[in-house]
Amino acid sequence: MKTFLLSITLCFTLLGFSQNDPKAKALLDQVSIKVKSYDNISLDFRYVLHNSAENINQETRGDVVMEGDKYVLNILGITRIYDGKTMYSINPEDEEVTISTENPEDEGSITPSKMLSFYTEGYTYKMGAKENIKGRVIQFVKLTPIDSNSEIDHVLLGIDPQTKHIYNLIEAGNNGTKTTLTVTSFETNQTLSKALFSFNKDKYKNFYINKLN
């Protein structure tokens, strides 16, 4: 779960540093402006983890709806609801709800809401290749960690130059693991239920409630 959240966060966290390609910076600035203009964002995605040395090839799908710091994330059969103050992780298989408080400003807090935060130090970036993917031109930006001890070798962020939307993110780890997150549906400014980001305990009367703090 945390690996996925880190990837989806990186997907929209455009990272800045002094030694950056001006053209890459201009493109990331345009994406930032576009994303910040939306009241809410709804994404469907495909997430693939591959490591040929370990013979690992896993694929999953999910979706997330975000409005400011609030979000609802569905992945691996678990629903995570964050109402801006409290996180509710709902696991129907185990009939358990885990409740915790999270501060989205904490550096260690990895949440989809950080998709809308930009220019966090930690990476340098430059323009990468331009590819035609299923008739769609995608411009890649290569992000390289400043920290030489990082577990990440590099990240390729694919951007549609026409829409200024993120198409995909490819993260290459130093251990040979490659994770790819591809946005399959991108919708904005939807009419959302007022109760969407609220936890309704009446729906989970038979669940074990685990309060962490």
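Bear in mind the structure is a predicted one, so any value in this text is a computation, not a measurement.

**Some thoughts on the packing of aromatic side chains**
For the structure on display, the rule yields five aromatic pairs. When the centroid spacing of 5.8 Å and the interplanar angle of 35° are considered together, the rings of Y71 and Y82 count as tilted. Taken together, the residues Y71 in strand β3 (residues 70–75) and Y82 in strand β4 (residues 78–82) connect sequence positions eleven residues apart. Neither residue differs from the other here; Y71 and Y82 are each classed as buried. Cluster of aromatic residues (ring-pair linked, three or more members): Y88, F199, Y204 and F207.

**Description of the nonpolar core**
Within the largest apolar cluster, 30 residues are counted, with the highest numbers of intra-cluster contacts made by I41, L43, Y71, V141 and I159. Top element by residues in this core is helix α2 (residues 22–36). It accounts for five residues. Residues within four places of I159 in sequence aside, it is in contact with L27, L28, V31, V137, I138, Q139, V141, K164, H165, I166 and Y167. Counting residues in each nonpolar core, the second largest holds eleven residues, with V72, I90, Y204 and F207 among its members.

**Looking at the confidence of the model for the protein chain**
Per-residue confidence for the protein chain gives a mean pLDDT of 84, with 82% of residues at or over 70. Per-residue pLDDT, averaged within each element of the protein chain, yields its smallest value for helix α1 (residues 2–12) (59) and its largest for strand β5 (residues 86–91) (95). Within the model, pLDDT remains below 50 along residues 14–18, and this stretch shows 24 contacts once partners closer than five positions in the same chain are excluded. Counting interchain partners and residues more than four positions distant, the pLDDT-below-50 stretch residues 114–120 has 36 contacts.

Conventions and cut-offs
Residues numbered from 1 in each chain as written. Predicted model: local features only at pLDDT ≥ 70, side-chain atom pairs only at ≥ 80, totals over all residues. Heavy atoms only, no water. Phe/Tyr/Trp six-rings, centres within 6.5 Å; stacked < 30°, edge-to-face > 60°. Helix = DSSP H or I, 4+ residues; strand = E, 2+ residues; numbered from the N terminus. Buried < 20%, exposed > 50% of the residue type's maximum accessible area, 1.4 Å probe, protein only. Core = buried A, V, L, I, M, F, W, Y, C linked by side-chain atoms within 4.5 Å. Contact = heavy atoms within 4.5 Å. pLDDT = per-residue confidence, 0-100.

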